[in-house]
Amino acid sequence: MYFPSIPKIQFEGVKSNNPFAFRFYDKDKVVAGKPMRAHLKFAMSYWHTLCSESTDMFGAGTRCMNFGGTTPLEISQNRVAAAFELMEKLEIEYFCFHDRDIAPEGATLRESNENIDRIVPLLKQEMERTGIRLLWGTANCFNNPRYMNGAATSNDADVFAYAAAQIKKALEVTTALGGSGYVFWGGREGYETLLNTDTGRELDHMAALMRMAVDYGRKIGFAGDFYIEPKPKEPTKHQYDFDGATVLAFLRKYGLEKDFKLNIEANHATLAGHTFQHELRVARDNRAFGSIDANSGDTLLGWDTDCFPTNVYDTTLCMYEVLKAGGFKNGGLNFDAKVRRPSNTPEDIFLAYIAGMDAFAFGLLVADKLLADGCLEQFVAKRYASFDSGIGKKIESGATSLEELSAHALAAGEPHPSSGRQEYLESLINQYIVLTGQTL
Ligand code: XLS
Ligand code: NI
Ligand code: NI
């Protein structure tokens, strides 16, 4: 046991004073026809949860993540047991990883691949024992110095080939473990200066690698979704996958839109100058909603802080969009989140997950109530009612022209737009949060 002080976390309800209990996440409670666990599909991120020692640019790690191992491979082996103990104790049913999270990078690519092959059977065994599943896999093509100029968008064809080799292996492992998704997050796919960059050529290369990944994945039996995870900047000054809209344009330009969906991360949305809800809406409007990296940014810091999400207002609006999109299919809620550097004990990791899971469970309950009552839907439907008949209907069906609209405007005179009632609607969300709380 790696976390002997932590009990199995149970649902105890809102009145519980036990920090190691869920207050809102009642996994089998049925909401809108499905148990909470099926709506939320929580996943553990291997990298933040089991690899990060909480270093930052100015300081060393504040916790040791060796799990009693002395060699990199031994650490990785022990990490598997720790991962499953943690997920079992937290009732988390999915996980996500990068190739380099599960096994150490070796001196050569061949050695790295062999390291992966030593760990995969252990993961498989634990997955079979517990029923825990792989939400998505990915390749870390950003940490190693070889990727300093990018991976698929490097100026060096040998670097491109190296990334392709890593992605090939990661796809094989994801498929072998029955993963339902494969993520592309373009960690170094961007530029620092346009003075040395052929952006058009780099984007062609990025699309080419994705096309090859789809072809190979389908060939070896990967039936899940490919995702792009948009992020506007960091580590590069400008990342090509800036936001949902940019990614959709890229996918359509290169004919990749059928195989790819979006993996929306809350903190990336805010870095792009959007709200989390905005990015989810863009995905939903374009039928490209896939999965979520659940975390939150710090409004006072301008980088990807990956804080655990605890803001119920945000989780409510997120789950509202998820429900409206028809819920998760292959995707889920991956906690791409890390504890703060001073939260340096194993207990803190558990407390952080409990906080995040409870925040989403509560958000789900509020969103469900909002949708069941339909107050926002009714308001929005009424707000656009002028398009339901008459000239509005003609506009929507493409049955009018500038000539006819001009004649209409001349005859109708000055329009009288209606109030958007923003403040009222915002207070309604608060009201629903309180009303939902009262039912618990
Ligand atoms: C980093 C990204 C990363 C991806 C997976 O900002 O969020 O963690 O989710 O490569
Ligand atoms: Ni992420
Ligand atoms: Ni991120």
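In case you missed it, the structure is sitting above this.
Residues numbered from 1 in each chain as written. Chains lettered and ligands numbered in written order. Predicted model: local features only at pLDDT ≥ 70, side-chain atom pairs only at ≥ 80, totals over all residues. Heavy atoms only, no water.

Chemist: Give me the overall build of the protein chain: which residues, what numbers.
Modeler: On a plain count of helices and strands, the protein chain comes out with 16 helices and 14 strands. Compactness check: the protein chain gives a C-alpha radius of gyration of 24 Å against a globular reference of 22 Å for 440 residues, within 12% of the reference. Taken over the C-alpha atoms alone, the protein chain extends approximately 80 × 60 × 45 Å along its principal axes. Across the protein chain, the fraction of contacts at a sequence separation of at least 24, relative to all contacts at a separation of at least 6, is 75%. For the protein chain, the distance from the average position of its 46 positive side-chain charges to the average position of its 57 negative side-chain charges is 4 Å. (Helix = DSSP H or I, 4+ residues; strand = E, 2+ residues; numbered from the N terminus. Rg over C-alpha atoms; globule rule 2.2 N^0.38 Å. Contact = heavy atoms within 4.5 Å. Lys, Arg positive; Asp, Glu negative; His and termini not counted. Charge placed at Lys NZ, Arg CZ, Asp CG, Glu CD.)

Chemist: Outline the nonpolar core, supporting the account with residue identities and numerical values.
Modeler: Ranked by size, the top nonpolar core spans 120 residues in total, and within it Leu 40, Met 44, Tyr 46, Phe 95, Leu 123 and Ile 292 carry the most contacts. Among the elements that make up this core, the one with the highest residue count is helix α12 (residues 346–373) (14 residues). Tyr 46 has contacts with Cys 51, Arg 79, Val 80, Ala 83, Phe 95, Cys 96, Phe 97, Asp 101, Ile 102 and Leu 123, leaving out every residue within four places of it along the chain. (Core = buried A, V, L, I, M, F, W, Y, C linked by side-chain atoms within 4.5 Å. Buried < 20%, exposed > 50% of the residue type's maximum accessible area, 1.4 Å probe, protein only.)

Chemist: How would you sum up the coordination of the nickel ion (ligand 2)? Please name residues and give values.
Modeler: Those donors, Glu 229 (OE), Glu 265 (OE), Asp 293 (OD) and Asp 336 (OD), are the protein atoms that reach the nickel ion (ligand 2), and they lie 2.0 to 2.1 Å from it. Geometry at the nickel ion (ligand 2) is octahedral, judged from the 6 donor atoms that bind it and their angles of 81 to 175° at the metal. Classification of Asp 293 as buried rests on a relative accessible area of 0%. (Donors = N, O, S within 2.8 Å, 3.2 Å for Na, K, Ca; no water. Tetrahedral: all angles 85-135°; square planar, octahedral: opposite > 155°, others 65-115°.)

Chemist: Which residues make up the coordination of the nickel ion (ligand 3), and what are the values?
Modeler: Each pair of donors in an ideal octahedron of six around a metal sits at 90 or 180 degrees, and each pair in an ideal tetrahedron of four sits at 109.5 degrees. The protein atoms that coordinate the nickel ion (ligand 3) are Glu 265 (OE), His 268 (NE2) and Asp 304 (OD), at distances of 2.1 to 2.2 Å. As a motif over one chain, the donors of the nickel ion (ligand 3) read E-x2-H-x35-D. The two metals, the nickel ion (ligand 3) and the nickel ion (ligand 2), are separated by 3.8 Å and share Glu 265 as a common coordinating residue. A residue pair is termed long-range when its members are at least 10 positions apart, and Glu 265 in strand β12 (residues 260–265) and Asp 304 in the loop between β13 (289–293) and α11 (312–324) qualify at 39 residues. Asp 304 gets classed as buried once you look at its relative accessible area, which sits at 8%.

Chemist: So what's going on with the side chain of Thr 236? Residues and values would help.
Modeler: Take Thr 236: it is sitting in the loop between β10 (225–228) and β11 (238–239). The buried category is assigned to Thr 236, whose relative accessible area is 5%.

Chemist: Any chance you could break down the pattern of salt bridges for me, citing the residues and the numbers?
Modeler: By the definition in use, this model includes 22 salt bridges. Salt-bridge contacts for Lys 27 lead to Asp 28; the nearest nitrogen and oxygen are separated by 3.8 Å. Its relative accessible area of 27% is what places Lys 27 among the partly exposed residues. Here Asp 28 falls in the partly exposed class, since its relative accessible area comes to 47%. The partner of Lys 168 in a salt bridge is Glu 172, with the nearest N and O atoms 2.8 Å apart. Separated by 4 residues within a single helix, Lys 168 and Glu 172 lie in helix α6 (residues 157–176), roughly one turn from each other. Its relative accessible area of 24% is what places Glu 172 among the partly exposed residues. Through salt bridges with shared partners, a single ionic network connects Lys 8, Lys 27, Asp 28, Arg 37, Glu 91 and Glu 93. (Salt bridge = Lys/Arg side-chain N within 4 Å of Asp/Glu carboxyl O.)

Chemist: Describe in detail the packing of α11 against α12, supporting the description with residues and values.
Modeler: Look at α11 against α12: their axes get within 7 Å of each other, and the N-to-C directions meet at 55°. In this view, α11 runs oblique relative to α12, as classed from their interaxial angle. Helix-helix and strand crossings are classified by hand; for α11 and α12 the assignment is right-handed. Taking contact as the criterion, the partners of Val 312, Thr 315, Thr 316, Cys 318, Met 319, Tyr 320, Leu 323 and Lys 324 in α11 are, on α12, Ala 359, Phe 360, Phe 362, Gly 363, Leu 364, Val 366, Ala 367, Asp 368, Leu 370 and Leu 371. Residues that form the contact of α11 with α12 fall into these classes: 13 nonpolar, 3 polar and 2 charged. (Axes fitted to C-alpha atoms, helices over the stretch in contact; angles between N-to-C directions. Parallel < 35°, antiparallel > 145°, perpendicular 65-115°, else oblique. Left-handed = near helix turned anticlockwise from the far one by under 90°. Nonpolar A, V, L, I, M, F, W, Y, C, P; charged D, E, K, R; others polar.)

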